[in-house]
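A structural walkthrough
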Amino acid sequence: MKVVIAMDSFKGSLSSIEAGNAARNGILQACNAEVVVKPLADGGEGTTEALIEGLGGNYVYVDVVGPLGAYTRAKYGIMLDGTTAVMEMAEASGLVLVRREKLNPWKATTYGVGQMIFDAVKKGCRKFIIGIGGSATIDGGLGMLQALGYDFLDKDGNSISYGIEKIDEIAKISTERKLPELDECQFQIACDVRNPLCGENGAVYVFGPQKGVKEEEKSILDKKMQHFAAVTSKFLGKDYSQEEGAGAAGGLGFAFLSYLPNIQMKRGIDIVLNAIELEKEVSKADIVVTGEGCLDFQTAMGKVPIGVAKLAKKYGKRVIAFAGCVTAEAAKCNYEGIDAFFPILRGITTLDEAMDNEIAKENMTLAVEQVFRLLQIEKLK
């Protein structure tokens, strides 16, 4: 029997690989099987760790300009091929780096994201997987582009400052100092957002409030973003502001689509599934095991375990899921490709105990063992 395990992380408890290896131990305690553990993430938080720890690679730490200008230490990964970098923009420009009362959408910048890319390029990377969720910024990606050598100048030839505040003063765009190696690079952008850059469905109106935009500021900031779209369109000869995902991460999606070469913007889970070559393993499996911290109605709407299940059903494979907890609405997962699911908790416990790393590993191993013992009984009938 061949079993492929592809678990999402159990947030605050188990990483994707830890959960997968604990499940693997349970299977091997129950039966003889070939077990393959694959890392999994949805392109957001934890993607770098999942791919680097699961597929091999090294972490790189670099000091970059944070969202409000102060330096912060950002982490990204370089995979074993030495040419593929895995990044999360939130490491440099994320909401997690700013206290709620300190949010400043007028000045927040993506400059640090550009510095991470610059650093990876100089280290020899030419392929990039970048998750762009969780930003504290709404600068249209201006800062990232500035860090990569693009010059945005006002009518007097002066460089525009960080953030969206002065973005409507851009009169000229220059690529004289642009990092030349960018033309050799390929970018896969993990983005589940489909919003355009401007308008009532755009970056400012939809996502601005979580970054500190007040109601009365929305129209002002959106007009500034419209100006950036217009000067970019004039400079490039093409308008990307209405493309799906242009409004992601405060317009960072627009910057990638407009200014950087060889861009693929896809759902995060699709990028990760391709990177780990899960389909190849699933096609040869007998059983596929997946799971996450909590199975609920959101899971059924297309979160990571459902992505795995749909891939497995493409090849007619049985799918079993394990979770820290399940809700009544989790039953909807049975209609989305998960044949059966099981909570791993074995008794009444506190949340802290349930989420303890060692306890969670043990619970996973024992729960999986019992399910696979049952499968062995069925197999022998």
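Check the entry above for the structure.
The present account deals with the structure reproduced in this document. (Residues numbered from 1 in each chain as written. Predicted model: local features only at pLDDT ≥ 70, side-chain atom pairs only at ≥ 80, totals over all residues. Heavy atoms only, no water.)

**Regarding the nonpolar core**
Counting residues in each nonpolar core, the largest one holds 58 residues, and the members touching the most others are Ile117 and Phe128. No other element matches the six residues that helix 8 (residues 252-259) contributes to this core. Residues within four places of Phe128 in sequence aside, it is in contact with Ala85, Met87, Ile117, Ala120, Val121, Cys185, Gln186, Phe187 and Gln188. Val4, Val36, Ala300 and Phe341 belong to the second-largest nonpolar core, a separate cluster that totals 34 residues. (Core = buried A, V, L, I, M, F, W, Y, C linked by side-chain atoms within 4.5 Å. Buried < 20%, exposed > 50% of the residue type's maximum accessible area, 1.4 Å probe, protein only. Helix = DSSP H or I, 4+ residues; strand = E, 2+ residues; numbered from the N terminus. Contact = heavy atoms within 4.5 Å.)

**Things to note about the pairing of strand 2 (residues 34-38)**
Strand 2 sits mainly inside the fold: four of its five residues count as buried. Pairing of strand 1 (residues 2-7) with strand 2, which is carried by five bridges, proceeds in the parallel orientation. Each bridged residue has a counterpart across the sheet, and for Val4 the counterpart in strand 2 is Val36. Regarding the hand of the β-α-β motif, the stretch spanning strand 1, helix 1 (residues 16-30) and strand 2 is right-handed. (Pairing = 2+ DSSP bridges. Right-handed = clockwise from strand over helix to strand, strands pointing away.)

**Considerations on the packing of aromatic side chains**
Under the defined criterion, the tally for this structure stands at nine aromatic pairs. Aromatic side chains Phe128 and Phe187 sit 4.9 Å apart centroid to centroid with 15° between the ring planes, which places their arrangement in the stacked category. Of this pair, Phe128 sits in strand 6 (residues 127-131) while Phe187 sits in strand 9 (residues 186-190); the two residues are 59 residues apart in sequence, bridging distant segments of the chain. With a centroid separation of 5.9 Å and an interplanar angle of 65°, the aromatic rings of Phe152 and Phe228 are classed as edge-to-face. Of the two residues, Phe152 is situated in strand 7 (residues 151-153) and Phe228 in helix 7 (residues 218-236); the sequence distance between them amounts to 76 residues. Of the two residues, Phe152 and Phe228, neither departs from the other in class, the shared state being buried. Here the basic side chain of Lys75 rests over the ring of Tyr59, its NZ or CZ set 4.7 Å away from the ring centre. (Phe/Tyr/Trp six-rings, centres within 6.5 Å; stacked < 30°, edge-to-face > 60°. Lys NZ or Arg CZ within 6 Å of the ring centre and 35° of its normal.)

**Topic: the pattern of salt bridges**
All chains considered together, the criterion is met by 24 salt bridges. In this structure, Glu169 engages Lys166 in a salt bridge whose closest nitrogen and oxygen atoms are separated by 3.8 Å. Residue Glu169 is classed as partly exposed on the basis of its relative accessible area of 38%. Glu292 is paired through a salt bridge with Lys303; the nearest N and O atoms lie 3.7 Å apart. Separated by eleven residues along the polypeptide, Glu292 in strand 11 (residues 287-295) and Lys303 in the loop between helix 11 (297-300) and helix 12 (304-314) bring together distant segments of the chain. Among the charged side chains, a salt-bridge network with shared partners connects Glu18, Glu358 and Lys361. (Salt bridge = Lys/Arg side-chain N within 4 Å of Asp/Glu carboxyl O.)

**Remarks on the side chain of Ser16**
Along the chain, the position of Ser16 falls in helix 1. A distance of 2.8 Å separates a polar side-chain atom of Ser16 from the backbone nitrogen of Leu40. Apart from residues no more than four positions distant in its own chain, Ser16 is found in contact with Met7, Asp8, Ser9, Lys38, Pro39, Leu40 and Ala50. (Polar contact = N/O pair within 3.5 Å; in protein donor to acceptor, adjacent residues only side chain to side chain.)

**What about helix 9 (residues 268-275)?**
Within the span of helix 9, buried status applies to Gly268, Ile269, Ile271, Val272 and Leu273. Contacts from the buried residues of helix 9 go to helix 2 (47-55), strand 6, strand 9, strand 10 (263-266), helix 10 (278-282) and helix 12. Two residues or fewer past helix 9, Glu277 is found with a positive phi of approximately 55°.

**Here's the deal with the layout of surface pockets**
What the largest pocket holds in volume is close to 460 Å³. Around the largest pocket sit 21 residues that line it, and Phe10, Lys11, Glu292, Gly293 and Cys294 are the ones nearest its centre. Broken down by secondary-structure element, the contributors of at least two residues to the lining of the largest pocket are strand 11, strand 12 (318-326), helix 13 (351-355) and helix 14 (357-380). Approximately 310 Å³ is the volume attributed to the second largest pocket. (1 Å grid on protein atoms, 1.4 Å probe; cavity = no way out; pocket = protein on both sides within 12 Å on 5 of 7 lines; lining within 4 Å. Points joined across faces, edges and corners; volume = space filled by probe spheres on them.)

**Notes on the sheet that holds strand 10**
A sheet is described by the order of its strands in space; here six strands give the open sequence 3-4-5-6-9-10, paired in mixed fashion. Each edge of the open sheet is held by one strand with a lone partner, namely strand 3 (57-65) and strand 10. The sheet shows a mean angle of 20° between the axes of neighbouring strands, direction not considered. Strands strand 6, strand 9 and strand 10 of the sheet are contacted by helix 8, whose axis makes an angle of about 145° with strand 10. Running at roughly 130° to strand 9, helix 9 makes contact with strand 6, strand 9 and strand 10 of the sheet. (Axes fitted to C-alpha atoms, helices over the stretch in contact; angles between N-to-C directions.)

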